[in-house]
Amino acid sequence: MPTDASIYEIYDTRFRNLIVPSVDLEELYSDCRWAEGPVWFADAGCLIWSDIPNERMLRWVAGGNVSIFRAPSNFANGNTRDRQGRLISCEHGGRRVTRTEIDGSITVLADSYKGKRLNSPNDVIVRSDGTIWFTDPTYGILSNYEGYKAEPEQPTRNVYRLDPATGELDVMADDFRQPNGLAFSPDETKLYVADSAASHDVSAPRHIRVFDVVDGKKLANARVFCNIDTGIPDGFRADIDGNIWTSAGDGIHCFAADGVLIGKIKIPQTVANLTFGGPKRNQLFVAATRSLYRVFTTASGAQMP
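Residues numbered from 1 in each chain as written. Predicted model: local features only at pLDDT ≥ 70, side-chain atom pairs only at ≥ 80, totals over all residues. Heavy atoms only, no water.

Going by what an unreviewed UniProt entry lists, the protein chain is known as Gluconolactonase and is assigned to Rhizobium miluonense.

1. Examining the overall build of the protein chain
Going by this rule: Each helix is a run of DSSP H or I of at least 4 residues and each strand a run of E of at least 2, with the numbering of both proceeding from the N terminus. A radius of gyration in this sense is built from C-alpha atoms; the matching globule rule multiplies 2.2 Å by the number of residues raised to 0.38. In this description, contact between two residues means that some pair of their heavy atoms is separated by no more than 4.5 Å. The protein chains shown are the only cover counted for residues, whose accessible areas, like all others here, come from Shrake-Rupley with a 1.4 Å probe.
Summing up its helical and strand segments, the protein chain has one helix and 28 strands in all. Computed over its C-alpha atoms, the radius of gyration of the protein chain comes to 18 Å, within 12% of the 19 Å expected for a compact globule of 305 residues. Structurally, the protein chain occupies a C-alpha span of about 55 × 45 × 35 Å along its principal axes. The contacts in the protein chain between residues at least 6 apart in sequence include a share of 47% that link residues at least 24 apart. As displayed, the protein chain has an accessible area near 12100 Å², and 48% of this comes from carbon and sulfur atoms.

2. Topic: the state of the cysteines
Quick reminder of the rule: Two cysteine sulfur atoms form a disulfide, by the criterion used here, when they sit within 2.5 Å. Each residue is placed in one exposure class: buried if its accessible area under a 1.4 Å probe, protein chains only, is under 20% of its type's maximum, exposed if it is over 50%, and partly exposed if it falls in between.
Inspection of the entire model under this criterion finds zero disulfides. Unpaired in this structure, cysteine 32 has its nearest cysteine sulfur neighbour in cysteine 46, at a distance of 15 Å. By relative accessible area, cysteine 32 is classed as buried at 6%. Cysteine cysteine 90 shares no disulfide, and the gap to the nearest cysteine sulfur, in cysteine 32, comes to 18 Å. Look at cysteine 90 and you get buried, because its relative accessible area is 0%.

3. Regarding the nonpolar core
As a reminder, the rule being used: Take the buried Ala, Val, Leu, Ile, Met, Phe, Trp, Tyr and Cys residues and link them wherever side-chain atoms come within 4.5 Å; each set so joined is a nonpolar core.
Phe15, Trp245, Ile265 and Leu284 are the most contacted members of the largest nonpolar core, which has 24 residues in total. Of all the secondary structure elements, the ones that give two or more residues to this core are strand E2 (8-10), strand E24 (251-255), strand E25 (261-266), strand E26 (271-277), strand E27 (283-288) and strand E28 (291-296). When neighbours within four sequence positions are excluded, phenylalanine 15 is seen to be in contact with Tyr8, Glu9, Ile10, Trp245, Cys254, Ile262, Gly263, Lys264 and Ile265. One finds Ile88, Ala110, Val126 and Leu162 within the second-largest nonpolar core, a separate group that totals 14 residues.

4. Examining the UniProt feature "domain: SMP-30/Gluconolactonase/LRE-like region" (unreviewed entry) in the protein chain
We apply this condition: UniProt positions are given in the numbering used here, feature names are shortened, and annotations may be inferred rather than shown by experiment.
Under the local residue numbering, the UniProt record ascribes the feature "domain: SMP-30/Gluconolactonase/LRE-like region" (unreviewed entry) to residues 34-289. Split by type, residues 34-289 is 0% helix and 53% strand. Its first and last C-alpha atoms lie 5 Å apart.

5. Description of the side chain of aspartate 136
Convention followed: Under the counting rule used here, the positive set is Lys and Arg, the negative set is Asp and Glu, and His together with the chain ends is not counted. When a carboxyl oxygen of Asp or Glu is within 4 Å of a side-chain nitrogen of Lys or Arg, the pair counts as a salt bridge. Throughout this description, a polar contact denotes any pair of N or O atoms lying within 3.5 Å of each other; where both atoms belong to protein, one of them has to be capable of donating a hydrogen while the other can accept it, and for residues adjacent in sequence the pair is counted only when both atoms sit in side chains.
Within the element layout of this structure, aspartate 136 appears in strand E15 (residues 132-136). Here aspartate 136 occupies a buried position and makes no salt bridge, while the nearest side chain of opposite charge, arginine 95, is found at 7.1 Å. A polar contact of 2.9 Å, which involves the side chain of aspartate 136, links it to the backbone nitrogen of asparagine 119. Contacts of aspartate 136, omitting those with residues within four sequence positions, involve Leu118, Asn119, Ser120, Pro121, Gln154, Arg157, Asn158, Tyr160 and Pro179.

6. Overview of the sheet that holds E26
Here is the rule: Being paired, for any two strands, means DSSP has found at least two bridges between them. Axis definition: a line fitted to C-alpha atoms, over the contacting stretch in the case of helices. Angles run 0 to 180 degrees between N-to-C directions.
In spatial order, the strands read E3-E28-E27-E26; together these four strands make up an open sheet with antiparallel pairing. Here the strands that pair on one side only, and so sit at the sheet edges, are strand E3 (26-29) and E26. Shown here is a sheet whose adjacent strand axes are inclined to one another by a mean of 30°, direction ignored. Across six bridges, the pairing between E26 and E27 is antiparallel. Among the inter-strand pairings, glycine 277 is bridged to a residue of E27, identified as glutamine 283.

7. With respect to the pairing of strand E8 (residues 76-81)
Counting buried residues along E8, six of its six residues qualify, which places the element largely inside the surrounding structure. Note that E8 and strand E9 (residues 87-91) share four bridges and pair antiparallel. Across the sheet, threonine 80 pairs through a bridge with isoleucine 88, a residue of E9.

8. Focus: the packing of aromatic side chains
The condition is simple: Stacked, tilted and edge-to-face are the three classes assigned to paired rings of Phe, Tyr and Trp, where Trp is represented by its six-membered ring and a pair needs centres within 6.5 Å; plane angles under 30 degrees give stacked, over 60 edge-to-face, the rest tilted. Only when the NZ of Lys or the CZ of Arg is both within 6 Å of the ring centre and within 35 degrees of the ring normal is a charge said to sit over the ring.
Under the counting rule described, the total for this entry stands at twelve aromatic pairs. Here tryptophan 245 and phenylalanine 276 contribute two aromatic rings whose centre-to-centre distance is 5.7 Å and whose plane-to-plane angle is 90°, an arrangement assigned as edge-to-face. Of this pair, tryptophan 245 sits in strand E23 (residues 244-248) while phenylalanine 276 sits in strand E26, and the two are 31 residues apart along the sequence. Phenylalanine 276 matches tryptophan 245 in its accessibility class, with the two residues each being buried. Linked through ring pairs, Phe15, Trp245 and Phe276 together constitute an aromatic cluster. The ring of phenylalanine 176 carries arginine 209 above its face, with NZ or CZ at 4.3 Å from the centroid.

Printed below as a string of structure tokens:
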């Protein structure tokens, strides 16, 4: 049985070393329809995230001010930064992955594969070699709520690797029902990918799979890393010790690198995504349904920059 301490459920003593039991959950903003895709900008001291149905992206600045970053956002969902610090976004509306240049202009990085439109890019990460990895489920074309309803042109729901230097786009995995969040292990030898198909089919997977990354260009040895016992896995992040902090129906579930559920942070709304931020990367920013939350931890996020 878990040991309850405020918002925390501790299943394993390893989780005690990752949290501050006296710290509570802070609600930073509460006027979204479906909050998603938080990304931390350390050099600007701000967090940017998506409010998909409202077709906007918001900016939270340390100190508490929230403003519109971009509207309309083309139903942007997941966001990250490349190694040059530029914003990379998955857009449901354009069924594409884009890069926001330093001057504010937008470059389309990928919108098709083998001559057919992508489904609706969902979440995205960047490897240290500059390649961009993203998932392409059909959530953004299922209805007009988070994009534009359409029939999928791709026969499968893929995980892609994009080399922005050459424009080469390759399928890394094609056997997911609905691939969603993804993250590399701190040393980039493993790739974790969520399958969230149970959102529309209760008999479908609600797990995170892990792959070995071979030469930075291939995936091998697919296996289930963990199953989510409440809700579905959506977005997630790794900390510098290889723990996986994932969204779920009742909050954030923390899995050690060996796949053991070691603890939970209870959130009053369904969590869609999260990221580490702050000057020490020890603040966990949580996009959960209508709200953006923050909780301080003793863990530090592994993502860069």
